[in-house]
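# A look at the structure
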Amino acid sequence: MGIADQFKDKAQELAEQAKQALGGAKDEASERASEAGEQGQQKAQEAADAAKDRLQG
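The present account deals with the structure reproduced in this document. (Residues numbered from 1 in each chain as written. Predicted model: local features only at pLDDT ≥ 70, side-chain atom pairs only at ≥ 80, totals over all residues. Heavy atoms only, no water.)

Quick look at the overall build of the chain now. Looking only at helices and strands, one finds one helix and zero strands in the chain. Taken over the C-alpha trace, the chain has a radius of gyration of 25 Å; the compact-globule value for 57 residues is 10 Å, which it surpasses by more than 25%. Principal-axis analysis of the C-alpha atoms gives the chain an extent of 85 × 5 × 5 Å. Element-wise, carbon and sulfur atoms account for 53% of the exposed surface of the chain, whose accessible area totals about 5,100 Å². Taken as two groups, the 8 positive and 12 negative side-chain charges of the chain have centres that lie 5 Å from each other. (Helix = DSSP H or I, 4+ residues; strand = E, 2+ residues; numbered from the N terminus. Rg over C-alpha atoms; globule rule 2.2 N^0.38 Å. Areas by Shrake-Rupley, 256 points an atom, 1.4 Å probe, with all protein chains shown as cover. Lys, Arg positive; Asp, Glu negative; His and termini not counted. Charge placed at Lys NZ, Arg CZ, Asp CG, Glu CD.)

Now for the pattern of salt bridges. Overall, the coordinates contain two salt bridges when judged by the stated rule. Note that Lys 10 is salt-bridged to Glu 13, the shortest N-O span being 3.8 Å. Of this pair, Lys 10 and Glu 13 both sit in helix α1 (residues 3-56), three residues apart, which is roughly one turn of the helix. (Salt bridge = Lys/Arg side-chain N within 4 Å of Asp/Glu carboxyl O.)

Bringing the environment of Gln 45 into the picture now. Here Gln 45 is to be found in helix α1. On the basis of relative accessible area, Gln 45 is assigned to the partly exposed category, the value being 45%. For the pair Gln 45 and Gly 2, spaced 43 residues apart in sequence, the C-alpha to C-alpha distance is 65 Å. (Buried < 20%, exposed > 50% of the residue type's maximum accessible area, 1.4 Å probe, protein only.)

Quick look at a negative patch on the surface now. Together, Asp 27, Glu 31, Glu 35 and Glu 38 give the surface a local cluster of negative charge. Topologically, Glu 31 is positioned in helix α1. (Patch = residues over 30% accessible without salt bridge, like charges linked within 9 Å, V, L, I, M, F, W, Y side chains within 5 Å.)

By the element assignment, Gln 6 lies in helix α1. Given a relative accessible area of 45%, Gln 6 falls into the partly exposed group. Once the C-alpha coordinates of Gln 6 and Ala 29 are considered, the two residues, 23 residues apart in sequence, prove to be 35 Å apart.

If you want it as structure tokens, here you go:
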């Protein structure tokens with residue numbers, strides 16, 4: 001195997017590692033966005049309930 005082949009193999013290996021890292025980062029970002037959305041909905045519901053209580057009280 002020549003030096004060019006070694007560099008090519010290493011480049012392919014690094015490219016694959018980069019793809020895997022990017023995929024993991026996308027998954028984490030998606031999970032965080034989902035959690036933030038759920039928290040936002042919960043806070044909105046709490047605010048709506050508090051407003052309703054004030055109007056009824």
